[in-house]
Amino acid sequence: MPILEYAPPAPGSSTPLSSSRSANIPLAASKSSARPQATKRASLNAARTDNTRAAHPAAGQEDVSMELALSQETQARLSLRGGGGGVADDTEGPGERFEASQELNEDQGAEQTARAGDADLTSRRSSVQSEDLPPLHVEVRLKPTSTMRYDLIRRLMSQHLDAEYETLLTHSEVHDWRDVAVLAQNVDRVWIGECTLPTSAVPLDGISLHLHVYQPPSSSRLTEFSTSPHNDDDGDSDVPAASVLELPSLSLEGVWDTLIYDGDVKGKLLNYIYSTMLFSDALVDFNIVTWNRVVLLHGPPGTGKTSLCRALAQKLAIRLSDRYASGKLIEINSHSLFSKWFSESGKLVQRLFAQVTDMVDDESSFVVVLIDEVESLTAARAGAMSGKEPSDALRVVNALLTQLDKLKTRKNCLVMTTSNLTGAIDNAFIDRADIKQYIGLPPAAAVYWILRSCLKEVMRAGLIPPVTLHDYKVVEVLQTTGGASAPDADEEIRCSELLYSLAHQCQGLSGRTLRRLPVLAHARHIAVAYASSARPRLATWLEAMRKTVEEEGREMDKVEGGV
């Protein structure tokens, strides 16, 4: 079973993490299913009462050693988040001293609240070790303004979930944590992620909670850099060779959960990362057992390969937040690495990866390198040897392979690549890829989910009167029993049946095409028949989308036929 939280810092790390990120506190253990609900409510009420007391510093006194420890913790956290650190000197202004004191009081209050819940939670531990239970991942996103310690948020949230729920629904959001004042002030979103149990309703007495606390900045920070020493003829600098996005990023929030594939593609990628880290931490001899930290996603265009790479980088920044202080996504612009100057392209690759290596040298950050359309950098060298490709392309391939071999020993680095033309990739690169995952066109169930998510978003925007659409499996059962086509079927069932038929009609279309269907349907059929202020019913939209799919099919036949 892969362990998804790594508390100890990487061996040899020159930048120790703040304990607010690296504290590894027991989260939840198995509970007796016969535990009365009144006990759970009493536990939560006790925590809330302590929280109210914590709002007034005079309500209780911490011992000197605890206050000193919390003070040191606050200084370390402020240093990590750019707010300074170390022992305050005489140059510190009164406003800064007041803010630090206020944060210390908040931490002390939250510590008291967490202790009250810990006593009750510990008394209900069973003899089953949490490591023996399947993990349930819970992602807790903090507000950009929060300064609360991560370990306190983790403990309070664990106590709240344990007190309020017997079961949790995977891949869903919970909201009632806002009833706890400390959580409401600091937490922005709580997402219940995946679990290895086969059911979506997960009993808390049969799992081990893994809470991942993270804090993305209020705005996404994207920087670009170039590697060429030359300028174009008009004096402008060359196209940027790569862009760097700081992770976690609000721009990538939720992307992971919108990607649907045939099979457990996402789980396979996550487990690969956890396995490589487990082997690295165990100090497995790299000369005997080796891995390259390279993943190749290949398949037809428009299937979400690039989106999956970006979403995986975001997910790793969240899941590894206890191990790494931050993350970076480096997207390489492959076309910028080919120079008009002879023999310059190989040098551009070396300069680019020299800058990547500088970022990877920061062992407190996890770096994901994304090379989209990697076939442009790894074209088969046989073509260059036969004279079909320029010799400079041969140098690019050799330089890239050399740089990948250097990065494979860095445990805080992952190289993600995508390709639509695997036949054009050099065999040496394919051999270096630990995972070669085919991303095909979505099956009917995935098409149904994609279209339903699109329609739900249009409903949220107010363009369609809201209608509940049933799950694909529910409609599939109704189809086999004939219940969906019954004359007395309500609007929800009828619309779900129409969407089910549309999903099967759309098989063979890419995810990119599916997600633009609502816009095309509105432009071609709804806008010409209804006023701009009208809100046609969902059945009208589904019929317009069906006609749009037929029209797209005819247009594609013309393109493929060369008409």
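Further up the page is the structure itself.
Thresholds, definitions, all that
Residues numbered from 1 in each chain as written. Predicted model: local features only at pLDDT ≥ 70, side-chain atom pairs only at ≥ 80, totals over all residues. Heavy atoms only, no water. Phe/Tyr/Trp six-rings, centres within 6.5 Å; stacked < 30°, edge-to-face > 60°. Helix = DSSP H or I, 4+ residues; strand = E, 2+ residues; numbered from the N terminus. Buried < 20%, exposed > 50% of the residue type's maximum accessible area, 1.4 Å probe, protein only. Axes fitted to C-alpha atoms, helices over the stretch in contact; angles between N-to-C directions. Parallel < 35°, antiparallel > 145°, perpendicular 65-115°, else oblique. Contact = heavy atoms within 4.5 Å. Nonpolar A, V, L, I, M, F, W, Y, C, P; charged D, E, K, R; others polar. Pairing = 2+ DSSP bridges. Arc of directions from axis to C-beta. Expected span 1.5 Å × (residues − 1). Left-handed = near helix turned anticlockwise from the far one by under 90°.

## With respect to the packing of aromatic side chains
Logical step 1: Tallying each qualifying case throughout the model produces five aromatic pairs.
Logical step 2: On the basis of an interplanar angle of 80 degrees and a centroid distance of 5.8 Å, the ring pair of F279 and W291 is categorised as edge-to-face. You can see F279 sitting in helix α8 (residues 265-281) and its partner W291 sitting in the loop between α8 and β9 (294-298), a full 12 residues away along the chain.
Logical step 3: A relative accessible area of 37% means that F279 is categorised as partly exposed.
Logical step 4: On the basis of relative accessible area, W291 is assigned to the buried category, the value being 7%.
Logical step 5: Between Y448 and Y472, the ring centres sit 5.5 Å apart and the planes meet at 70 degrees, which makes this aromatic pair edge-to-face. Placement of Y448 in helix α14 (residues 444-460) and of Y472 in helix α15 (residues 472-481) is noted, with a sequence separation of 24 residues between them. Taken as a pair, Y448 and Y472 share a single burial class, namely buried.

## Describing the packing of helix α16 (residues 491-505) against helix α19 (residues 538-560)
Logical step 1: Across the interface, α16 lies against α19 with an axial gap of 10 Å and an inter-helix angle of 10 degrees. In terms of their interaxial angle, α16 and α19 are classed as roughly parallel. The segment α16 lies against α19, with C495, L498, L499, L502 and Q505 engaging L538, A539, L542, M545, R546, V549 and E550.
Logical step 2: Residue composition of the contact of α16 with α19, by class: nine nonpolar, one polar and two charged.

## Focus on the sheet that holds strand β3 (residues 172-174)
Logical step 1: Read from one edge of the open sheet, four strands run β3-β4-β1-β6, paired in mixed fashion. Either end of the sheet is taken by a strand with one partner, and the two such strands are β3 and β6 (208-214). Across the sheet, the axes of successive neighbouring strands diverge by a mean angle of 25 degrees, strand direction being ignored.
Logical step 2: As paired strands, β3 and strand β4 (residues 187-195) are joined by three bridges and run antiparallel to one another. Following the sheet pairing, V174 is matched in β4 by V190.
Logical step 3: Against the sheet, helix α5 (residues 150-164) engages β1 (135-142), β4 and β6, with an angle of about 140 degrees to β6.

## Some words on helix α18 (residues 517-526)
Logical step 1: Looking only at α18, the buried set comprises L517, P518, A521 and I526. Seen from one end, α18 has its buried residues packed into an arc of 90 degrees, which puts them on one side.
Logical step 2: Of the surrounding secondary structure, the elements contacted by the buried residues of α18 are α14, α17 (511-515) and α19.

## Some words on the sheet that holds strand β7 (residues 222-225)
Logical step 1: The strand order across the open sheet built from seven strands is β7-β8-β10-β11-β12-β9-β13, with neighbouring strands paired in mixed fashion. What marks the edges here is a single partner per strand, and that holds for β7 and β13 (435-438). On average, each strand axis in the sheet is tilted by 20 degrees relative to the strand beside it, whichever way the strands run.
Logical step 2: Along the sheet face, α8 touches β9, β11 (365-371), β12 (413-419) and β13 and points at about 175 degrees away from the line of β13.
Logical step 3: Each of β8 (242-247), β9, β10 (326-332), β11 and β12 touches helix α9 (residues 305-319); the most contacted strand, β12, lies at about 165 degrees to it.

## Quick notes on α14
Logical step 1: With 17 residues, α14 should cover 24 Å at 1.5 Å per step; its first-to-last C-alpha distance of 24 Å lies within 8% of that length.
Logical step 2: The set of residues buried in α14 consists of A444, A446, V447, Y448, I450, L451, R452, C454, L455, V458 and M459.
Logical step 3: Contacts made by the buried residues of α14 are with α15, α16, α17, α18 and α19.
Logical step 4: With its phi angle positive at about 90 degrees, G462 sits one or two positions after the end of α14.

## Focus: the packing of α14 against α19
Each pair of packed helices gets described by two things: the angle between the helix axes and the distance between those axes.
Logical step 1: It is the contact of α14 with α19, at a shortest axis distance of 12 Å, that shows an interaxial angle of 135 degrees. In terms of orientation, α14 lies oblique with respect to α19. Considering only the axes of α14 and α19, their crossing is right-handed. Counting all contacts with α14, which are made through L451, L455, V458 and M459, the residues of α19 involved are L538, W541, L542 and M545.
Logical step 2: Classifying every residue of the contact of α14 with α19 gives eight nonpolar, no polar and no charged.

## Some thoughts on the pairing of β8
Logical step 1: Where burial is concerned, most of β8 is hidden: five out of the six residues are buried.
Logical step 2: The pairing of β7 with β8 spans four bridges and is classified as antiparallel. Paired with T223 across the two strands is V244, which belongs to β8.
Logical step 3: With six bridges connecting them, β8 and β10 associate as antiparallel partners. Bridging across to β10, V244 finds its partner in I330.

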